[in-house]
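Residues per chain are reported as follows:
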Amino acid sequence: MISVQQIHKKFGKLEVLKDFNLEFESGKSYALMGPNGSGKTTLIKIILGMVIPNAGDILVKGNSIKGSFAYRSDIGYMPQIGRYPDNIKIGQLFSMMQDMRPDIKKYDMELASEFGLMDMLDKPMRTLSGGTRQKVSASLAFMFRPDILILDEPTAGLDPIAVEILKNKIIQEREKGRLILITSHILSELDELTNHAIYIHEGKVFFNDTTESLKDITGESKFTTAIARLMEWSLKKKQIKTELSHV
Amino acid sequence: MFKLLKYALYDIVKSRFALLYTLFMVLVAISIYQVSEDMSKVSLSLLNIMLMIVPLISAIFATTHFFNNLEFTELMLAQPVKRRDVFLSQILAVMFVLSLAIVIGFGVPMILWGADSSVLILLGIGIGLSVVFAGLAFLASVLTRDKAKAIGISLSFWIYFSLVYDGFVLYLIYSLADYPLEKPTLALVFLNPVDLGRIIMLMQLDISALMGYTGAFFQDFFGSAKGILLSSAVMFVWMILPVSAAMRVFKRKDF
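Note that the coordinates shown come from a computational prediction; the quantities given were computed from them, not determined experimentally. (Residues numbered from 1 in each chain as written. Chains lettered and ligands numbered in written order. Predicted model: local features only at pLDDT ≥ 70, side-chain atom pairs only at ≥ 80, totals over all residues.)

Some remarks on the overall build of chain A
At step 1: When its secondary structure is counted, chain A shows eight helices and ten strands.
At step 2: Compactness check: chain A gives a C-alpha radius of gyration of 19 Å against a globular reference of 18 Å for 247 residues, within 12% of the reference.
At step 3: Viewed in the frame of its principal axes, chain A has a C-alpha envelope of about 65 × 40 × 35 Å.
At step 4: Among the 247 residues that make up chain A, the fraction classed as buried is 40%.
At step 5: Intrachain contacts of chain A at a sequence separation of at least 6 include 70% that bridge at least 24 residues. (Helix = DSSP H or I, 4+ residues; strand = E, 2+ residues; numbered from the N terminus. Rg over C-alpha atoms; globule rule 2.2 N^0.38 Å. Buried ≥ 20, exposed ≤ 12 C-beta atoms within 10 Å, placed from the backbone. Contact = placed C-beta atoms within 7 Å.)

Dropping the structure here:
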């Protein structure tokens, strides 16, 4: 459903993504992992059109995203840090987002009401705590029943009850056959929510396969230890490279 | 597009700045009207204040607004809307508020104490300068990632067009006094929106006789239909150019 083709992105001299290729298919849920600064958020922002790649293209449902904007109505995006205008109220924010998508008439307000946001619709965004903002971001991502859900560190800053609510919602949407893409550093959570692992290291795909084959390859029975093994390997590879370069 | 503009305007009107700026303009206009009865003197004083204040406030306000609203911009960019529309809604909202402040600020005293055509031209120049400097400020903002740097660049635009440029022109005229300079000066005026506004306005007030031969030449040029058309066209180019340059950069910018 999303096809990332030979994406290349530099910020100044720093090469964030190099010749990057990935395929995301509908009905699967992907865990996007990698150390800090490995290019996860950049990849997501490129898919959303917020960052423009130096080369390469992205196809969403078979159409290039270059110069296109309508495809974004198929994507529900929950940013790492949800930042909103100070003066706007929660209710106004909701109705504004609904205004942006005039074709969609039925809204999924389940998350908003379970998070208790429906009782605080006239609270301005600037008075909200970080966790409540995350709840607003999550509610917005699911509100329009998008075919693609991109969640960047969805549970960071949420309290345990909210985390459970959000997890249940993600599982529920996964069963409906939506494409779900999650980045997180909480591995146990990714194990629960996703069935496909992608590990990015220094702007390249280091591992891309199902969770089962990840466990097979690493010889570990638990997801968390399997990922830890993967991280070790990726670091070793780097060490070998640097050793060679000093010869 | 109109939806975006609606929300952008809503946000900007809620900020206290718009109100304060309008109030300031009203106070300036009222105090000047109190000092003199003579309409042309009033418009001249208003002009001098406007040529200093309007570009400065427009540049600073537009830059700070761009960076304060960066979150809103980022939020909109993840929505199914065109990048162009996100940009235009932001800048049009800023231009609208700045122009409204001038129209209300200078307009209300005019309705109370009377006005003539020169004052209407003054309003037009004020709006034109607001648009030009808001455009330059947005250009500075999209070219940098840092708020302080962008404000610095916007301020240098203001210093350049309001102070440095005039010094440069004066120096040129002084050192080349032996040559006929009417046409080169005219060209130089076109290269600075503040000077252009000043000259257009001065030619409306019968004081060009005080400016010697060049004044007479200017009077002849800006008084003619061709001159009026050309000078408004140049002003228009000044209003469009920074905005379209800023939009080009914005379309390729990473957020």
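Now that the structure has been shown, the text picks up again.
A word on helix α5 (residues 83-113) of chain B
Structural remark: α-helix, 3.6 residues per turn; residues separated by three or four positions point the same way.
Residue and element names in this part refer to chain B.
At step 1: An ideal rise of 1.5 Å per residue puts 45 Å on 31 residues; α5 measures up with 45 Å between its terminal C-alpha atoms.
At step 2: Approximately 30 degrees is the largest bend angle found in α5, and it occurs at G107, with the proline P109 only one to four residues beyond.
At step 3: Following α5 by one or two positions, G114 has its phi on the positive side, about 90 degrees. (Expected span 1.5 Å × (residues − 1). Bend = angle between axes of the 7 residues up to and from the residue.)

Focus: the UniProt feature "transmembrane region" (unreviewed entry) in chain B
Residues and elements named next belong to chain B.
At step 1: Those residues carrying the UniProt feature "transmembrane region" (unreviewed entry) are residues 12-33, 45-67, 87-113, 119-143, 155-176 and 228-250 in this numbering.
At step 2: Between the C-alpha atoms that bound residues 12-33 the distance is 30 Å, and the span itself is 95% helix and 0% strand.
At step 3: Each end of residues 87-113 is marked by a C-alpha atom, and these two atoms are 39 Å apart; helix forms 100% of the span and strand 0%. (UniProt positions renumbered as here; feature names shortened; annotations may be inferred.)

Quick word on the nonpolar core
At step 1: Core analysis: the biggest nonpolar cluster contains 135 residues, and I150(A), L181(A), I182(A), I198(A), V94(B), A134(B) and F138(B) have the highest contact counts within it.
At step 2: Of all the elements, helix α6 (residues 117-143) of chain B adds the most residues to this core, at 14 residues.
At step 3: Those residues within four positions of A134(B) in sequence are excluded, and the remaining contacts are S58(B), A62(B), I91(B), V94(B), M95(B) and L98(B). (Core = buried A, V, L, I, M, F, W, Y, C linked by C-beta atoms within 7 Å.)

Looking at the interface of chain A and chain B
At step 1: In this complex, chain A contributes 20 residues to the contact, which on the side of chain B involves 18 residues.
At step 2: Here the side of chain A that touches chain B gets four residues from one element, more than from any other, and that element is helix α2 (residues 90-100) of chain A.
At step 3: Classifying every residue of the side of chain A that touches chain B by side-chain character gives 13 nonpolar, three polar and four charged. (Nonpolar A, V, L, I, M, F, W, Y, C, P; charged D, E, K, R; others polar.)

Here's the deal with the pairing of strand β10 (residues 204-210) of chain A
All names here are of chain A.
At step 1: In this structure, strand β9 (residues 196-201) lies alongside β10, joined through six bridges in antiparallel fashion. Looking across to β10, one finds that H201 is bridged to K204.
At step 2: Here β9 hands over to β10 after two residues, with E202 in that stretch at a positive phi of 50 degrees. (Pairing = 2+ DSSP bridges.)

Some remarks on the sheet that holds strand β1 (residues 2-11) of chain A
Strand pairing in a sheet relies on backbone hydrogen bonds. The paired strands run either parallel or antiparallel.
At step 1: With antiparallel pairing, four strands are arranged side by side in an open sheet as β2-β1-β4-β5 (chain A). Since the sheet does not close on itself, it has two edges, and those belong to β2 (14-24) and β5 (63-64) of chain A, each with one partner.

Some remarks on the environment of V108(B)
Residue and element names in this part refer to chain B.
At step 1: Locating V108 in the fold gives a position in helix α5.
At step 2: For V108, a count of 15 C-beta atoms within 10 Å puts it in the partly exposed group.
At step 3: Sequence separation of V108 and I127 is 19 residues, and the distance between their C-alpha atoms is 16 Å.

Observations regarding helix α3 (residues 39-68) of chain B
At step 1: The first and last C-alpha atoms of α3(B) sit 40 Å apart over 30 residues, in line with the 44 Å expected at 1.5 Å per residue.
At step 2: Of all bends in α3(B), the biggest is about 35 degrees, found at M50(B).

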